[in-house]
Structure formats: structure tokens, C-alpha cells
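Chain by chain, the residues run as shown.
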Amino acid sequence: MTEELSVQYEMPKAYEPGKVEAKWYQFWLEKGYFKPEIDPGKKPFVIIMPPPNVTGELHVGHALTATLEDIMTRWHRMKGEPTLWLPGVDHAGIATQVVVEQMLAKEGLDRHKLGKEKTQERIRQWAESRRKIIAQQHQRLGASCDWSRERFTLDEGPSRAVRTAFFRLYNKGLIYQGERIINWCPRCATALSDLEVEHKEIQGHLYYVRYHLAEDDGFITVATTRPETILGDTAVAVNPEDERFKAMLGKKVILPAVNREIPIVADEAVDLSFGTGAVKITPAHDPVDFEVAQRQGLPLVNILNLDATMNENAGPYTGLDRFTCREAILSDLDKDGLLVKVEPYSHSIGHCCRCQVIIEPVASKQWFINTQPLAQAAIKAVLDGRITIIPERFTKVYLNWMENIRDWCISRQLWWGHRIPVWYCHDCGDLTVTIEEAKSCRHCGSANIEQDPDVLDTWFSSALWTHSTLGWPDDTEELGYFYPTTVMETGYDILFFWVARMVMMGLEDTGNIPFRTVYLHGLIRDEKGEKMSKIRGNVLNPIETLEKYGTDALRFALSTGTSPGNDLKLTTSRLEAGRNFANKLWNASRFVVRSIESNRTDLKIQWDLLAVEDRWILSRLNSTLSSVTRLMEDFQFGEAQRQIYEFLWGEFCDWYIEIAKVRLHSIGEGALSPIPVLVYVLETSLRLLHPYMPFVTEELWQNLKKRLPSDWQQVESIMVANYPEADKAAIDPQSERIIESVIEIIHSIRNTRAQYKVESKRWIEAKIYAGELTLDITPYSQAIQTLARVRPITFLDSKREVPASENALVLVLKESEVVISMESMVNLEAERRRLQKEIEQSQAEVVQLEARLKDEAFLTKAPASVIDKERQKLYTLTDKLERLKQQIKF
Ligand SMILES: [Zn+2]
Ligand SMILES: [Zn+2]
């Protein structure tokens, strides 16, 4: 290991991320830096990682999560806090089963052919391989999580937590079994919670169907979007206030197709203005009708098999697929003259969020959590400030959802997940709920019992994640020390699925909040602002991306401009900016390292002898430190990153190092060397940047450290070095004012050179009037000369000396004026000739255009867009001509 880690004497010319990343990750891992020590005297910083689904590989959303969490984790670790970032993986019941079923289909198999046990084994094997890949990918992203505590939702610990939580809620009466309308996915063959249903606006039809009265002549017409559900109707309902139907109340109608008699009932839920005012009631297949049936005591007729084919209650349509049945029944109704009319109708239809098949509302016996009492506690925890949601606007969203919460259907008819810990007795018919495997019926003692075949909603186990990963239900040292956790960082899209349920279950199980702060990040979009998806083909694979640009560049791109709750664009230009930044730092560090080697200066800073630019860069460094710390504390990681970047690139590399080069070049005997300050600022900035770009900073820091005196050698790695703290005493407004003026002078001369296209080799002449700063700026004449390529340079004593000559250009700056000799920039005669030629050309074109725009024939024949274009052209040309005429006046 030490062999490999030895830092080369000569730093390579360019930064090669691929050569250093694995080396440093392995080093950190072996040193055990990711594992916190439990220290009761210190308050820990804890993040539980949102466990990625074991369904696949990491996508950019995971990379964003990992980057933000690693920034926080590394930052707190460097501040000396015992820091735990606990990684994990979610078994993702339905999602994983769907993926493996698709794999089976490719082999010409399906789970029913394969059988439950073999299917489960296939899923298990596949999940295990994914779990390893997910961990490796996190490591490539630089994630400094404690792998010794990695958890999988199906591990024994978290599984026992699931059974315990179920047992306790059941005994409190908060988990119950009941027949309700649930969302049924016919493809996945399972119930879904309301959150797992995606509603899409569909252009469908509204069918008006006539039901004949049973005893009298006459009929009643109802409207429906799903005519096949007629087969499951058990009543027709009208509003009791509706005069149109008063006479029909209590009478019976005959259901078409199956000829069943059903009553006409009055119910206040009926909307007088919908359809004809009379509605069919299908209690087994509609949540509103289910409630009407409960009120009116109507029977339930389920017409669907679990695969959405029609069951034996569908009479002649038994066995047909639901949509084939719809066609058949419409055709029959039409034949019998019962289909009155068909209208186009746009309405919202629920789809399975996993397989996109249209879900069916079905009355079904399932397990539910009575969430209202849990929600009350979860509302209180946010209202009284124990939990803070960032950004603040999501607090309202959270509270609104909690206040309108509905019972949570937690049973799933899947084969992959936590089995429901309920056993049914074949002898007494009672049920037994236990934490450990039941051997006999609790009530009659019979061993003739059978476990509920269903599994729990995956989110049930995720809801326990903050405490189940730390050992709950056992009273472990970890749970006592690390719980409540500090920050829950995740995407705003799973606020209800996950965050809200963790708050409810954390409070219920432990009596304490699961986390103090919820940080919600946005979605990642592509260059055009579109959501990334496989269908659009705009997905960026994080591993391919980091191989191309380097991990630090990817992390840089992901944290650029990131702010809580807002979506983020991940663009090639940002990735390139990240790579360029790493290279810029590499070059700057290489310069510092070589300066140390070739100058052999004492690296102690002589604080009372500092040059103005030294005081300036130290002042800027400390302002940056204090601002970055404030921003990080405020979760503004994007803005903190921007300020670090601006300081390092815009002030340290572009100006301090450039001025230092001039100083080193002309340094005389006994003059103060800039090297100690260069080293100090670079070393401090690397630590400041480390949480964002861990690999390049470690490599550079180690390279630098090798060249520093022995007292620097005690700290083994930048990741366990102290996070820099601002020193207010170093803030020095006067030196900032002076150096900013120097920079402004150089900057403005450079801009002028560019504007007049002065060759880079050419020296130009300038006079500078710097007012009361003259004495302070004069020492920088060498720097100005070198960096702006000005020679000679003259300092003027008074403003009056600034000549009003025609052949000079005066740049008026914030604190100074710069007078540039035109002759020194351009050959005046040649320039005048060039401009004259250009003026003549433009004038000729203007005349031509003006003539055309006066030509009646053109104006009447040409399309308006062409005329418009010509007018625009004339406008631009006239403008250009005006500018040329100004320019030639030198
Ligand atoms: Zn589905
Ligand atoms: Zn029994």
C-alpha cells in the first residue's frame, strides 16, 4: 500500500482522475475513516442514505443524492464530529419482481410456470448481484459511507423490525384487515397504495345506456365510461332532490345483458348535473359506489378475475378480457337499441406506476394502517419545529397531505418482500399475529395454521429505515447514540412515499423524531430542461460520465447551482467546467510545488511583513471561508461551491499566482517571498474544497504535504484534516481596495487590447492616474506591465495631466483612469484606411437597400417576411455605419 501511495517527485503535467481515484478510495477505506467512533461527549452527525432499489444500477438521481450527502458528511467529519453516513439497499418488492419477470419472459418462462420458490430464488440471486454493483458504484462516486453498517431491507435485523412494528400496530388496533376498494394491477397481480397509481388524462368516451323498468314501461338512462362494469351494477342511484326521477324511486330496472333486477335508490352523493342525473352503482369496482352501497345496504358483485378477465358473474361474457368484454357488450347494447348515444369524454385513468397497465378499482380484503392517529403526531413534530423541512415551501405540502391522509393499504400479492406476520387457523378460524414464526393458533392451540400468503408494501419497511438500520427494536448503543438522525436528504418526489411515513413510524416506534432536518433536492434534467428517461433516450449514466470526465467533475457538475427543492440541469458544459476546474487546480498546485522545490524558502509566514497582495489574498480567503461556512450551514451547497470556485479560479489562480510569478521573477536579495502565502492559501483552499471534489484535493494535498516540513506530516489525509475556519482579523478592506484597483487596471487594458485586436506580442503605452491610491499602486507597475503587456507605463500626478488628445483612449475606472496611446495599439494610417473602406462598403449597401425598400414592385410582390428581413438588414447596417464613423474619429 505505502509503495503505491508514494507521491511522485515530479507531478505529471495533467490531472488523470482514473489513475488516482481508486487508490485514494482504498486508502480511506483501509484507514477506517468512514467509520465513526461513538463518543458520548460529542454530538454526532448522522445521515441514513435513501436505499436505492435493488432493481438496477445507479442513475444520475442517485449520483446527486450521493454527492450532496457526501458533501455534508465529509464537511461534518472534518469539523471533528463523529459522523455516520449509513448506506443501504431496498428490496423494492414490486419493482424488483417486475424486472425479474421481464427477464423470465425473455427465457420463455413466467413465475407461475417456475413456481413460487424457484422464482424467489431467481429474484434473490439477482438482487444479491445488484446489491454488490450498487455498493461499488457508490464507492466510485467517492461516497464516504460506513460500509460496515450497510443494510438491506430484507436482512434479519430490518425484517424483525418490520414484524415488530406490525405486531405493535396490530395490537393497538392501528392495523386492521378490511374489505375496501383498492387499486388492483392486473399485470402485477397485486394491490397498490394510492401513491403507486399514476393518473393520466385519457381521451375516452361516455356511453349512455338505457335500463328498462322491470314492472312498467319506461326506462332510465345512465352514463358510464366503463360499460363492462354494467355487469357488476347493484343499483341505479339518483339525487333525492331530483324532480325528474321522484316517481321512479323504489322501482326496479333490468340490467341489460345479464337481466338482473336492481333497485333505483336515492343518494345525496349523486351529482344532478352529471350525465342524465341517474348513475349506475357498481360497488365492487368504484370507491364512491362502494360508499353508496355501504350507506344503502347494497350487495357487492365482483365481476373480475385477478388478471382482469371477466369472472362467472359476467354471464355470457365470462372469460373475456376486460377490454374485449367492453367491445362485446357495446355491440350487444347497440343491437338491442339500448345504447342511446356515445360522447367523446376526457377523463383521468389510474395506471400502475411500475408496469403502466390500467389499474382496476376492486373491492378486496386487504390489510390497512389507520394512519390518522399517526399523522397527528407527525403534523405536530413539524408544527412545533422539532423537524424542519428545507425548502420551507414543502412544509405546507407535507401538512396538507398529512391532514387529508387516507388509510394505507399495506398488503401486496407479491412473492418478493416481507411476509405478513399473520397466521390463520384452519380449525377455529381465528388469526394469530406474532413477531417470530407462529407454531400454533393462539386461541385454540391447533397446529393447523397457515401464514398469510401476502407480503407488505415495500414502503412499510422503508418507513422504519432510520431506526431499523440502527438496531431497533433492540435498545442498541447505536440507536441510543445516532438516533434521532441529523439530516434526511432525498428527492422531493418521495416526500409522501417515504419521508412522511418515516416521520409517522419513527415517532410511533421510538417516541422520537427520526431526523431533525429534511433536505429535499430537485430532479435532474437534461440540457433542454427535459426530465431524463429511458424513453427519451437522454439518460446520462453516472459511471460512464465519471469515466469520461472524472468523479470530481461529475460531482462538481451535480453541485453546480444546486439549491433545495429546485430541479437541476446536468449539461456537458457543466461537466467540462468541472474537468477544467480540476485541471486549473492541478496546474496551480504544480506551480506551487515547483516553486517550493526551486526556491527552498522557509515556509513560515512572516505575518507582520506581508505584502499588500498577500494581505489581499488572505483577506479574500477568510471572507470566502466565513461565507461558505454560513452557506453550508444554510444548506446552500450550490452557492457555497460557486464561491469556492470563484475564489480559487478567479482570485487565487488568475491573480494572486500571476502576481506572485512576477514577484518571484524579479525577487531581490532579502525580499519577501510569496511562497509561504501561496502554500498557505492553497493548502487551506484544498481543505475548503475537499467535500465537493475529494479525489483531486487529496492527490494535490498529498503532493503538497510531501514538500512541507515535518510538523505537517502528522495528519495522514485531507479527509481527516480540520475544516478551515475563518479568521475575522485577516479581513483587510484597504488591501482589497488596492489590489482590486490593480486588477481593474490590468483587466481594462486587456479588454481594450482585445477590442482593438492588438497582437498579443505587441507592447502598448499607457499612463495611469490613480488618485489617492497612486502610492499604493505604483509598486504594481511591474505586474501591470507583465500582465497587460504595457511599456512604458507612466503614473500621473494629477487628473489634469490626462490629455484630451484625439490619439488617446481614456478608460475611466472605479478608482483610477487609464490613458492608452492609440498609436501604440494600431497603425493609425492603416487603421484609418481600413475603416474608410468599411464605411464606403456599408454606405453602398445602405443605398441599395433603401432603393429596394422604396420599390413599389418589390413591396407589392414580396412576402411580408422578406420585406421585414430587408428592413431589419437596413437597420443593422445603419447602426454599424454610425459606429464606424465614431471609430474613425481618432
Ligand atoms: Zn403493474
Ligand atoms: Zn385456532
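Given the structure is predicted, the values throughout are model-derived calculations rather than measurements.

**Student:** Help me understand the coordination of the zinc ion (ligand 1) in this model?
**Tutor:** When a metal holds four donors in a tetrahedron, each ideal angle between them is 109.5 degrees; when it holds six in an octahedron, the ideal angles are 90 or 180 degrees. Around the zinc ion (ligand 1), the protein supplies Cys185 (SG), Cys188 (SG), Cys352 (SG) and Cys355 (SG) as donor atoms, at distances of 2.2 to 2.4 Å. Every donor residue of the zinc ion (ligand 1) comes from the same chain, spaced as C-x2-C-x163-C-x2-C. Of this pair, Cys185 sits in strand S5 (residues 175-185) while Cys355 sits in the loop between strand S13 (339-352) and strand S14 (360-369), and the two are 170 residues apart along the sequence. A relative accessible area of 0% places Cys185 in the buried class.

**Student:** Help me understand the sheet that holds strand S26 (residues 764-769) in this model?
**Tutor:** Two orientations exist for strands paired in a sheet by backbone hydrogen bonds: parallel and antiparallel. Read across the sheet, four strands follow the order S27-S26-S29-S28 without closing on themselves; strand pairing throughout is mixed. Strands at the two margins of the open sheet, each flanked by one partner only, are strand S27 (790-796) and strand S28 (808-812). Adjacent strand axes in the sheet meet at a mean angle of 20° when their direction is disregarded. Note that S28 and strand S29 (residues 817-821) share five bridges and pair antiparallel. If you follow Ala808 over to S29, its bridge partner there is Ser821. Those strands touched by helix H23 (residues 733-755) are S26, S27, S28 and S29, and its axis lies near 35° from that of S29. Together, S26 and S27 form the strand contacts of helix H25 (residues 781-788), whose direction differs from that of S27 by roughly 140°.

**Student:** How should I be thinking about the pattern of salt bridges in this particular structure?
**Tutor:** Any two side chains of opposite charge can pair, given that their charged atoms come close. Within the structure shown, the criterion is met by 53 salt bridges. For the salt bridge of Glu107 with Arg122, the shortest nitrogen-to-oxygen distance reads 2.7 Å. Of this pair, Glu107 sits in the loop between helix H4 (93-106) and helix H5 (111-114) while Arg122 sits in helix H6 (residues 116-140); the two residues are 15 residues apart in sequence, bridging distant segments of the chain. For Arg122, a relative accessible area of 23% gives the class partly exposed. With a shortest N-O distance of 2.9 Å, Arg295 and Asp267 are connected by a salt bridge. Here the residue Arg295 occupies a position in helix H8 (residues 287-296), and Asp267 occupies one in the loop between strand S11 (261-266) and strand S12 (278-281), the gap between them amounting to 28 residues. Bridged by salt links that share partners, the residues Glu128, Arg131, Glu150 and Asp155 form one connected network.

**Student:** Where do I start with the confidence of the model for the protein in this structure?
**Tutor:** As a note on interpretation, predicted positions should not be read in detail where pLDDT is low. Confidence in the prediction for the protein averages 91 pLDDT; 98% of positions are at 70 or higher. Segment residues 1-8 is flagged for pLDDT under 50; beyond a separation of four residues in sequence, or across chains, it makes 12 contacts in the model.

**Student:** Got a minute to help me understand the coordination of the zinc ion (ligand 2) in this structure?
**Tutor:** All of the protein donors around the zinc ion (ligand 2) are Cys425 (SG), Cys428 (SG), Cys441 (SG) and Cys444 (SG); their distances to the metal are 2.3 Å. The coordination sphere of the zinc ion (ligand 2) comprises four donor atoms, whose angles at the metal cover 104 to 115°; the geometry is tetrahedral. Positions of the donor residues of the zinc ion (ligand 2), expressed as sequence spacing, correspond to C-x2-C-x12-C-x2-C. Note on Cys441: relative accessible area 4%, which makes it buried. Residue Cys444 is classed as partly exposed on the basis of its relative accessible area, which comes to 40%.

**Student:** How should I be thinking about unusual backbone geometry in this particular structure?
**Tutor:** Most peptide bonds take the trans form, and the phi angle of most residues other than glycine is negative. Cis geometry is adopted by the peptide bond preceding Pro391, which originates at Ile390 and carries an omega value of 0°. Mapped onto the elements, Pro391 comes out in the loop between strand S15 (388-390) and helix H11 (393-403). Along the chain, Trp472 connects to Pro473 via a cis peptide bond; the corresponding omega equals 15°. Mapped onto the elements, Pro473 comes out in the loop between helix H13 (465-468) and helix H14 (477-482). You will see that Asn259, though not glycine, has its phi angle at about 55°, which is positive. Position of Asn259 among the secondary structure elements: in the loop between strand S10 (252-254) and S11. Despite not being glycine, Lys757 has its phi angle at roughly 50°, a positive value. Mapping Lys757 onto the fold places it in the loop between H23 and S26.

**Student:** Even after reading the chapter, I still don't get the sheet that holds strand S6 (residues 190-192), so can you show me in this structure?
**Tutor:** With antiparallel pairing, the four strands of this open sheet are ordered in space as S6-S5-S14-S16. Looking at which strands have only one partner, the edges of the open sheet turn out to be S6 and strand S16 (408-409). Direction of pairing for S14 relative to S16: antiparallel, over a ladder of two bridges. Following the sheet pairing, Ile369 is matched in S16 by Trp408. In the packing of H8 onto the sheet, the strands contacted are S5 and S14, and the crossing angle to S5 comes to about 140°.

**Student:** Whenever I open this one, helix H3 (residues 60-78) confuses me. Can you help?
**Tutor:** The α-helix advances 3.6 residues per turn, and as a result positions three or four apart in sequence lie on the same side. The end-to-end C-alpha distance of H3 is 26 Å, a good match for the 27 Å that 19 residues give at a rise of 1.5 Å each. Counting buried positions over the 19 residues of H3 gives 18, a clear majority of the element. Count one or two residues on from H3 and you reach Gly80, which has phi positive near 90°.

**Student:** Explain the side chain of Ser461 here, please?
**Tutor:** By secondary structure assignment, the location of Ser461 is in helix H12 (residues 458-462). Polar contacts involving the side chain of Ser461 include one to the main-chain carbonyl oxygen of Thr458, which spans 2.9 Å. Excluding anything up to four places from it in sequence, Ser461 contacts His91, Thr153, Val162 and His418.

**Student:** I keep staring at the pairing of S11 and nothing clicks. Help me out?
**Tutor:** Two faces, one strand: in a regular strand the side chains alternate between the faces of the sheet. Pairing geometry for strand S9 (residues 235-238) and S11, over three bridges, is parallel. For Val238, the partnering residue across the bridge sits in S11 and is Ala266. The pairing of S10 with S11 spans three bridges and is classified as antiparallel. Counted as the bridge partner of Lys252 is Pro263 from S11. Counting the residues in the hairpin turn of S10 and S11 gives six residues, including Ala257, whose phi is positive at 70°.

So, how was this worked out
- Residues numbered from 1 in each chain as written.
- Chains lettered and ligands numbered in written order.
- Predicted model: local features only at pLDDT ≥ 70, side-chain atom pairs only at ≥ 80, totals over all residues.
- Heavy atoms only, no water.
- Donors = N, O, S within 2.8 Å, 3.2 Å for Na, K, Ca; no water.
- Helix = DSSP H or I, 4+ residues; strand = E, 2+ residues; numbered from the N terminus.
- Buried < 20%, exposed > 50% of the residue type's maximum accessible area, 1.4 Å probe, protein only.
- Pairing = 2+ DSSP bridges.
- Axes fitted to C-alpha atoms, helices over the stretch in contact; angles between N-to-C directions.
- Contact = heavy atoms within 4.5 Å.
- Salt bridge = Lys/Arg side-chain N within 4 Å of Asp/Glu carboxyl O.
- pLDDT = per-residue confidence, 0-100.
- Tetrahedral: all angles 85-135°; square planar, octahedral: opposite > 155°, others 65-115°.
- Expected span 1.5 Å × (residues − 1).
- Polar contact = N/O pair within 3.5 Å; in protein donor to acceptor, adjacent residues only side chain to side chain.

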